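Below, each chain spelled out in residue letters.
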Amino acid sequence: MPQAEQHPIPDRRGENFYAADAELHALLPLYLPGDLLRHMAPHFSRMGELAGGKVDDLAGIADHHPPTLQYRSRNGLDEQRVLKHPAYVALERIALSEFGLGAMSHRDETLGWRGPMPATVKYVLTYLFVQSEFGLCCPVSMTDSLTRTLRKFGSPELIARYLPRLTSLDFEELAQGAMFMTEQAAGSDIAATTARAEPAGDGSWLLHGDKWFCSNPDADLAMVLARPDGAPAGMKGISLFLLPRRLEDGSANRYRIVRLKDKLGTRSMASGEIRLEGAVAYLVGEAGRGFVQIADMVNNSRLSNGVRAAGLMRRAVAEAEFIARERRAFGRSLRDMPLMRRQLDKLRVPAEQARTMMFQTARALARSDAGEAGAYSLLRILTPLIKFRACRDARKVTGDAMEVRGGCGYIEEWSDPRLVRDAHLGSIWEGTSNIVALDVIRAIKRDDALPALRAHTEDLLARAAAGGLAPAFADALRRAMDGACALAETAARDGGDVLARQAASALYHCASAIAMAWEAVEGGSADRLRWAQLVLQHRVLPRDPLAPDGLPADWNPVAATAPTA
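Predicted, not measured: the structure shown is a model, and the values here were computed from it.

A. Spotlight on the pattern of salt bridges. Under the definition given, this model contains 55 salt bridges. With a closest N to O distance of 2.8 Å, Arg421 and Asp63 form a salt bridge. Of this pair, Arg421 sits in helix α11 (residues 416-423) while Asp63 sits in helix α3 (residues 54-64); the two residues are 358 residues apart in sequence, bridging distant segments of the chain. Assessed through its relative accessible area of 9%, Arg421 is described here as buried. In this structure, Arg259 and Glu273 form a salt bridge, with 2.4 Å as the shortest nitrogen-oxygen distance. Of this pair, Arg259 sits in strand β10 (residues 255-260) while Glu273 is found in strand β11 (residues 271-284), placing the two residues 14 residues apart along the sequence. Residue classification places Arg259 among the partly exposed residues on the basis of a relative accessible area of 41%. Through salt bridges with shared partners, a single network forms among Asp21, Glu23, Arg314, Glu321, Asp345, Arg348, Glu352, Arg355, Glu519, Arg528 and Arg530.

This is how it looks when you write it as structure tokens:
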């Protein structure tokens, strides 16, 4: 029987995103203990299967049917509800209930694994899920982050009251979280917060004011910044409050969703404006230290933003690689054409940098939570680095990958437009690029973060060199990191803020190149070594734009050990 002719427009639908990702398989043994990896492999595969099929289908439907706001019931009662499309609800069930992505870091058992689940597992599952559905990952992250902040700063009474629902996997019972910070005049400038809190006399507080941009506005619980009456102006007068959607008697709390936002991306997930009208809330942590306390939640969300950006880039690259392999033109496969090979490398390099930094930051988070000396300082700088650079890179990678598909890539039936629209969120929410780059500098000034980063990268580099990394390449990496640190020190001096973005990019590129070189040596990956070299050559070192490209011969381990004449 003759073989069916290959269709000229290849479609990757139905591919298992985990099974097809050889680099992920190579990296996981470097970052997860063997017994945990063996236990999680079927769950990773299940998520990869869903992401390549059912989740992708549901995400496309939810993207085209965004939520709406019901103001009143059909019999005239003021009953606000965010009406979600059934496709989005199905996605919620998969992410929050089946896999427990919002709760697994706070449970003693998830997916059959007893004991605390390392953050790396959560981020690998998120990395796979977000390749198809981005919008829901915001509520998932906020639920996880709110739970973390509540456990860290909340009173025993608040924890006992709300933690069970936040950590439940029963879809009808579990609670979702949100974060209401932004006001019209207090976006990045939190000190300008005008929402106020008055004591209710029974230990609770009543909140008044408007919040301008609130994602997941109908969440069961939200962390809210407000200024208690009589508190001083500025940052020191702001406190953190836990706001329940419903009161103890089951009635609705006194705040309204004024409207939902019409957004460029993340259309599946509701974002709205909130008016607090004497809403009952509870003080979290110490009064006047609200920003310090919510900063932990923001930093956790920033790491999640970086993970999501990495996942978006992986999906974009995987689609481009599939098309280049399956599509033929002028009698040849696209991937056999020199310009296409070069184009694919330009997509892979930032995508693989982000994947490496995801793993590195997740490991630093685990070490910091375990109380390891110096780990908090390392986490404190890696988090804004991945949020700053990976989120910006995702905007370009998703756009350039769309071009590989050609005209079909511009059509909403395919994943490419959704990836491009969603990618623009990461560099805005939880701090714009300027704010996050300045946070890198703040970590250097206040948290001793630069020595921690230098010590970490030097350790990785020493281990890679001991494993056979070419001395010339190791020296180039070390010199580049020295230069990046010197630039960051200059940016941290008075008047150096203008260099914050340049310094953050330099630190990210050098740290990721060193970590990728270590991964390449440990995992025996020639591709990963080449990508690490391309990071250094194309994103760090000076180049002559009029000269042909070419990696230095002595960066190759074989060339480095070859006998000289």
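Moving on from the model shown.
B. Examining unusual backbone geometry more closely. Phi angles above zero are rare outside glycine, and Leu111 is one such case at about 55°. Counting through the fold element by element, Leu111 comes out in the loop between β3 (109-110) and β4 (113-114). Even without being glycine, Phe330 reaches a positive phi, approximately 55°. Structurally, the position occupied by Phe330 is in the loop between β12 (328-329) and β13 (332-333).

C. Broad picture of the packing of helix α13 (residues 449-466) against helix α14 (residues 471-492). Interhelical geometry of α13 versus α14 gives an angle of 175° and a closest axis separation of 11 Å. Accordingly, the angle class assigned to the pair α13 and α14 is roughly antiparallel. Packed against α13, whose contacting residues are Leu450, Leu453, Arg454, Thr457, Glu458 and Leu461, the element α14 presents Ala474, Leu477, Arg478, Met481, Asp482, Cys485, Ala488 and Glu489 at the interface. Residue composition of the contact of α13 with α14, grouped by class: eight nonpolar, one polar and five charged.

D. Region of the structure containing the pairing of strand β9 (residues 239-244). Burial of β9 is extensive: six of the six residues sit out of reach of the surface. Both faces of β9 are covered, namely the face carrying Ser239, Phe241 and Leu243 and the face carrying Leu240, Leu242 and Pro244. Direction of pairing for strand β8 (residues 221-228) relative to β9: antiparallel, over a ladder of six bridges. Residue Ala222 lies in a different strand from β9, and its bridge partner there is Leu243. Pairing between β9 and β11: three bridges, direction antiparallel. Paired with Leu240 across the two strands is Val284, which belongs to β11.

Analysis parameters
Residues numbered from 1 in each chain as written. Predicted model: local features only at pLDDT ≥ 70, side-chain atom pairs only at ≥ 80, totals over all residues. Heavy atoms only, no water. Salt bridge = Lys/Arg side-chain N within 4 Å of Asp/Glu carboxyl O. Helix = DSSP H or I, 4+ residues; strand = E, 2+ residues; numbered from the N terminus. Buried < 20%, exposed > 50% of the residue type's maximum accessible area, 1.4 Å probe, protein only. Axes fitted to C-alpha atoms, helices over the stretch in contact; angles between N-to-C directions. Parallel < 35°, antiparallel > 145°, perpendicular 65-115°, else oblique. Contact = heavy atoms within 4.5 Å. Nonpolar A, V, L, I, M, F, W, Y, C, P; charged D, E, K, R; others polar. Pairing = 2+ DSSP bridges.

That is the geometry; function is a separate question.
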